[in-house]
Every structure is written in C-alpha cells, then in structure tokens.
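As a plain string of letters, each chain reads:
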Amino acid sequence: MAKRINQDRCIQCGVCLEECPNNGISEVDGEYRIDSGLCTECFGFYKTSHCVDICPVEAIETDPDQEVEEDLLIGRSADLHPERFPRS
Ligand code: SF4
Ligand code: SF4
C-alpha cells in the first residue's frame, strides 16, 4: 500500500523531501504530500518504507485507499527505474 502524510502530525521539517527514491514526495505552500502513483514502498531500495523510518514525528502512514498488490508495486518500480529493474 502506498503511504500518505498525516497533515495533523507533520511538522513540515522537510526531512523526507529528498529521501524518496522515486521523487514521490513534494512540498507545496509548506504542505508535504506523497504522490501515491509514485510510491512503491521503496521496493528495491530499502527493506522498509524509508520515509516512514526517517520522519521524526511518525507522520507518515499507510493509505488504506491505496491498497495495491505487490506485483503492481514491482511493476511500478520497473517503470520508474528501468535501468535498475530491467524487464526480461
Ligand atoms: S514509502 Fe518509499 S517510495 Fe513511498 S513515498 Fe515513502 S520513500 Fe517514497
Ligand atoms: S519528515 Fe515527517 S514531519 Fe518532516 S516533512 Fe516529512 S512527513 Fe512532515
């Protein structure tokens, strides 16, 4: 499942912004958001969701509206990083 940022908890520290391997985190007018279409739960880069691990206030959570199969996350990773995950 993709991750999302709980706006009530986020303190806008910006730590997560540059840490997503898919550039899936952005900031607009001081509000940090995750593009669910770019979130792969860090498949192929980290064993766990990196943004969740580094957020100092545990503001990043699983988005229950973005439940996707592992195959989709793997396919998304291959689309985003074809050099790293070449399709056979
Ligand atoms: S879980 Fe990984 S891929 Fe998803 S938004 Fe966080 S850092 Fe990016
Ligand atoms: S690391 Fe956490 S508190 Fe900081 S901007 Fe990202 S979600 Fe918000």
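Before any of the text, the structure's been laid out above.
Each value, and the rule that gives it
Residues numbered from 1 in each chain as written. Chains lettered and ligands numbered in written order. Predicted model: local features only at pLDDT ≥ 70, side-chain atom pairs only at ≥ 80, totals over all residues. Heavy atoms only, no water. Near = heavy atom within 4 Å. Nonpolar A, V, L, I, M, F, W, Y, C, P; charged D, E, K, R; others polar. Helix = DSSP H or I, 4+ residues; strand = E, 2+ residues; numbered from the N terminus. Phe/Tyr/Trp six-rings, centres within 6.5 Å; stacked < 30°, edge-to-face > 60°. Buried < 20%, exposed > 50% of the residue type's maximum accessible area, 1.4 Å probe, protein only. Lys NZ or Arg CZ within 6 Å of the ring centre and 35° of its normal.

Asker: Sorry, what's going on with the site of ligand 1 here?
Answerer: All residues adjacent to ligand 1 are Lys 3, Cys 20, Pro 21, Asn 22, Ile 34, Cys 39, Thr 40, Glu 41, Cys 42, Ser 49 and Cys 51. Its residues placed into classes, the shell around ligand 1 shows 6 nonpolar, 3 polar and 2 charged.

Asker: Sorry, what's going on with the environment of Glu 18 here?
Answerer: By secondary structure assignment, the location of Glu 18 is in the loop between β1 (3–5) and β2 (25–28). A sequence separation of 12 residues divides Glu 18 from Asn 6, and the C-alpha atoms of the two residues are 18 Å apart.

Asker: Please clarify how the packing of aromatic side chains should be interpreted in this entry.
Answerer: Given two aromatic rings, one states the distance between the centres and the angle between the planes to describe the pair. Applying the stated criterion across every chain, the model contains 2 aromatic pairs. Ring geometry for Phe 43 and Phe 85: centres 5.8 Å apart, planes at 35 degrees, overall tilted. Remark: Phe 85 occurs in the segment after α2 (70–80) and Phe 43 occurs in the loop between β3 (31–34) and α1 (50–54); sequence separation between them is 42 residues. Judged by its relative accessible area of 17%, Phe 85 is buried. Three or more aromatic residues joined by ring pairs make a cluster, and in this case those are Phe 43, Phe 45 and Phe 85. Here the basic side chain of Arg 84 rests over the ring of Phe 45, its NZ or CZ set 3.9 Å away from the ring centre.

Asker: Sorry if this is basic, but what is going on with the site of ligand 2 here?
Answerer: Around ligand 2 lies a shell formed by Ile 5, Cys 10, Ile 11, Gln 12, Cys 13, Gly 14, Cys 16, Tyr 32, Cys 55, Pro 56, Val 57 and Ile 60. Of the residues that constitute the shell around ligand 2, the class distribution is 10 nonpolar, 2 polar and no charged.

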